[in-house]
Amino acid sequence: VLLLSGITANIDLGSNLTLNSSVDPNQNITFSLQALNLNGRFIFHDVHHAAKDFGNYHHYLPSAILRPKAVSDIATMIKHVFKMGPSLNLTVAARGHGHSVQGQAQAPDGVVIDMEALKGPKLRIHTGKVPYIDVPGGELWINVLQECLKYGLAPKSWTDYLHLTVGGTLSNAGISGQAFRHGPQISNVHQLEIVTGKGEVVTCSEKQNADLFYGVLGGLGQFGIITRARISLEKAPKMVKWIRVLYSNFSVFAKDQELLISSEKTFDYIEGSVIINRTGILNNWRSSFNPQDPLQASYFRSDGRTLFCLELTKNFDSEETDIMNQQEVESLLSQLSYIPSTLFTSEVTYLEFLDRVHDSEMKLRSKGLWEIPHPWLNLLIPRTQIHNFAQEVFGNILKDHSSGPILIYPLNKSKWDNRTSAVTPDENIFYMVAFLSSALPSSGFDMLGHLLNKNKRILDFCERANIGMKQYLPHYTTPKDWQAHFGPQWETFVQRKSSYDPLAILAPMHRIFQRQY
Ligand code: FAD
């Protein structure tokens, strides 16, 4: 083992190049990486943006950014890092759109791969009986959707926000209001192309290299870089009827949500949110949403109560299907126990609905409120504990104030494939609860510290009350915590790591494994 600190030695790079270890380590890295024969290129100086993510409170500078032009660029670089071992001492992280919140796509002093630079090959749609699209791992979901819509098709399972990359969401799960029916995005992939931590390029699917395929899905970038994904498609609807109703009682709200996700005939999208301490809520309601009965709605007073908003959609294509839909929607709504005056609807195109969060992004950006710290916390809570959880968290810890949207909706475990690396609670139904806080700039007050402290109180409560919670987009700092997170899946996870990334080169900032030499 040779460390690059003051020891003078020449290391053979296998191509008549040598590293001089009396030189500054960064110079050696530059020299070593620059010698690689690539289609794309490395950036060594202006690397600050790779030390930033949506969370905006973890910043680790890499030594270099790779802007690949071909899959072979990624394979060549990783193979080189793998072979050089301690003399290069590098880790490598794929960066999708950098929308992690705790530095997960960063690589301190290592190499960050700018996956969005890997543009080719073009998005390819297969329109047969079982339609699918082949997309590069660094492609944004919004671009995938727009391409598919040209053929009247669309992926089945989404995230609420589409300016995220395919590789980034498949490394976690990809959850939204369609997941109760179709499962998360990782349940809707036919095939992947992966560059492993040894620099091998491997095609994998349920039938071919299945262990790697399932390992990478939800695998937090630990086993390889997703360079291509084959995504399952369905016929795309043209329009969406978008519905919101309010509840003041959590038990009634949760009962209705669970009824809807368990029924055969139901809505196409089911989510929900918690509204804490907001008066005049109906007047502030999105202007695009019309109350069904404006007069009744005008009498509704929230008086600062905590309310629960059920959000639903029903897809349709034409006026005829809309009339049929209307009857079905009315019949479904008649089974629910929301506050009658709070039925709000709107009709938008499928694209407008799926890309809805982008509108909020533009508004926040224009006010300088997008690129601020986001100490988000995403939890999966077993159904039998959700009332206990809601009582303590919404009734006590966050009783008076929330600093951003709080989403809450149930999911069916049967739609998750237990061969993937994703971790979920051990019950047939569990809730996604997302605390999407923003640390607004304010003078003389440590808003970020305050919000992180609230998160800690929620996590501490889950532990104390033995809630059986699993973190989504998990963040832990010790191997012991990771082992507890994975539970019975831990051994498989470790086994996969030793098979596909034995030197723990990849995605170091999850802090699951230590770089080996
Ligand atoms: P990055 O942050 O760049 O990377 C995330 C992780 O994946 C890192 O560990 C990285 O190394 C790894 N990675 C990235 N690309 C690859 C690749 N090609 N191959 C292997 N590993 C890779 N999630 C949901 O499930 N549902 C939602 O509704 C949802 N809404 C969101 C809304 C917003 C505004 C934001 C900021 C995030 C949201 N997320 C949601 C979370 C989001 O899915 C994850 O943070 C996701 O990882 C972001 O994708 P990205 O392309 O920015 O990934």
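Here, residues in each chain are numbered from 1, in the same order as that chain's written sequence. Only residues with pLDDT of 70 or above have their local features reported here, since the model is predicted, and side-chain atom pairs are shown and tallied only from 80 upward, although totals for entire chains, interfaces and linings are computed over all residues. To obtain the side-chain values, all non-hydrogen atoms of the structure were used and water was disregarded.

### Points about helix α2 (residues 71-84)
It helps to recall that an α-helix has 3.6 residues per turn; residues three or four apart then point in one direction. We count it as follows: Note on conventions: DSSP H or I runs of at least 4 residues are helices, E runs of at least 2 residues are strands, and numbering of each starts at the N terminus. Under the convention used throughout, the expected extent of a helix is 1.5 Å for every residue step, that is, one less than its residue count. Only protein chains enter the accessibility calculation, which uses a 1.4 Å probe. A residue is then buried if its area is under 20% of the maximum for its type, exposed if over 50%, and partly exposed in between.
In a regular helix each residue adds 1.5 Å, so 14 residues correspond to 20 Å; α2 covers 20 Å between its end C-alpha atoms and thus fits that length. Regarding α2, the residues found buried are Val71, Asp73, Ile74, Ala75, Met77, Ile78, His80, Val81 and Met84. Two residues or fewer after α2 comes Gly85, characterised by a positive phi angle close to 50°.

### Focus: the site of the ligand
Using the following cut-off: A cutoff of 4 Å decides nearness: a residue is near a molecule or strand if any of its heavy atoms lies inside that distance of it. A 3.5 Å cut-off defines polar contacts: any pair of N or O atoms within that distance qualifies, except that in protein one atom must be a possible hydrogen donor and the other a possible acceptor, and neighbouring residues in sequence count only when both atoms are side-chain atoms. Computed with a 1.4 Å probe, the accessible areas rest on the Shrake-Rupley method; for each residue, only the protein chains presented here act as cover. What counts as a domain boundary in this text is fixed by an automatic or database domain assignment.
Neighbouring residues of the ligand: 31 residues in total, closest Ala94, Gly96, Ser100, Thr165 and Tyr472. In this structure, a nitrogen atom belonging to the ligand sits 3.2 Å away from a side-chain N or O atom of Ser171. One nitrogen or oxygen atom from the main chain of Ile175 is found 2.7 Å from a nitrogen atom belonging to the ligand. In isolation the ligand has 960 Å² of accessible area, and contact with the protein removes 95% of it. Contributions of two or more residues to the shell around the ligand are made by β5 (92-95), α4 (166-170) and β12 (224-235). Looking at which domains feed residues into the shell around the ligand, each of domain 1 (10-114 + 500-510) and domain 2 (124-235) supplies at least three.

### As for the pattern of salt bridges
Test applied: Should a side-chain nitrogen of Lys or Arg be within 4 Å of a carboxyl oxygen of Asp or Glu, the pair is scored as a salt bridge.
In total, this model carries 20 salt bridges according to the counting rule given. Among the ionic pairs, Glu206 bridges to Arg419, the shortest N-O distance being 3.9 Å. Residue Glu206 is found in the loop between β11 (201-205) and α6 (210-216), and its partner Arg419 is found in the loop between β19 (406-412) and β20 (429-435); the two are separated by 213 residues along the sequence. For Glu206, a relative accessible area of 46% translates into the label partly exposed. Arg419 gets classed as partly exposed once you look at its relative accessible area, which sits at 40%. Note that Lys456 and Asp460 form a salt bridge whose closest N and O atoms lie 2.8 Å from each other. Taken as a pair, Lys456 and Asp460 lie in helix α13 (residues 447-464) at a separation of four residues, close to a single helical turn.

### A short note on the domain arrangement of the protein chain
Selection rule: Pairs of residues are marked as contacts when any of their non-hydrogen atoms sit within 4.5 Å. Buried area: the sum, over both parts, of the accessible surface (1.4 Å probe) that disappears when the two are put together. For this classification, the nonpolar set comprises Ala, Val, Leu, Ile, Met, Phe, Trp, Tyr, Cys and Pro, the charged set comprises Asp, Glu, Lys and Arg, and every other residue, Gly included, is treated as polar.
For the protein chain, the assigned domains are domain 1 (10-114 + 500-510), domain 2 (124-235), domain 3 (239-354) and domain 4 (365-472). For domain 2 versus domain 4, the separation of C-alpha centres amounts to 25 Å. Taken together, the contact pairs 23 residues of domain 2 with 15 residues of domain 4. A combined buried area of about 1,400 Å² lies between domain 2 and domain 4, and 59% of that area is made up of carbon and sulfur atoms. Counting the surface domain 2 buries against domain 4, the share from its top three residues, Ile175, Phe180 and Tyr214, is 41%. Linking domain 2 with domain 4 are one salt bridge, by the criterion used here. Between the two partners, domain 2 and domain 4, sit eight residue pairs in polar contact (both at pLDDT 80 or more). When residues of the side of domain 2 that touches domain 4 are traced back to their parent elements, those giving at least two are α5 (179-182) and α6. Per element, the largest residue contribution to the side of domain 2 that touches domain 4 is four residues, and it comes from α5. A breakdown of the residues in the side of domain 2 that touches domain 4 according to their chemical character gives ten nonpolar, ten polar and three charged.

### Examining the side chain of Lys314
In this structure, Lys314 sits in strand β16 (residues 307-316). At 3.1 Å, the side chain of Lys314 and the side chain of Glu328 are in polar contact. Not counting the four nearest positions on each side in its chain, Lys314 is found in contact with Met239, Val240, Lys241, Thr266, Phe267, Asp268, Asn325, Glu328 and Val329.

### Here's the deal with the sheet that holds β20
Put simply, the test is: Any two strands with at least two DSSP bridges between them are considered paired. Axis angles are defined between N-to-C directions and span 0 to 180 degrees, where every axis is a line fitted to C-alpha atoms and, for a helix, only to the segment in contact.
The strand order across the open sheet built from nine strands is β15-β17-β13-β16-β14-β19-β20-β18-β21, with neighbouring strands paired in antiparallel fashion. With one partner strand each, in any of the chains shown, β15 (290-291) and β21 (470-472) form the two edges of the open sheet. Docked against the sheet, α13 engages β18 (377-382), β20 and β21, running at close to 20° with respect to β18.

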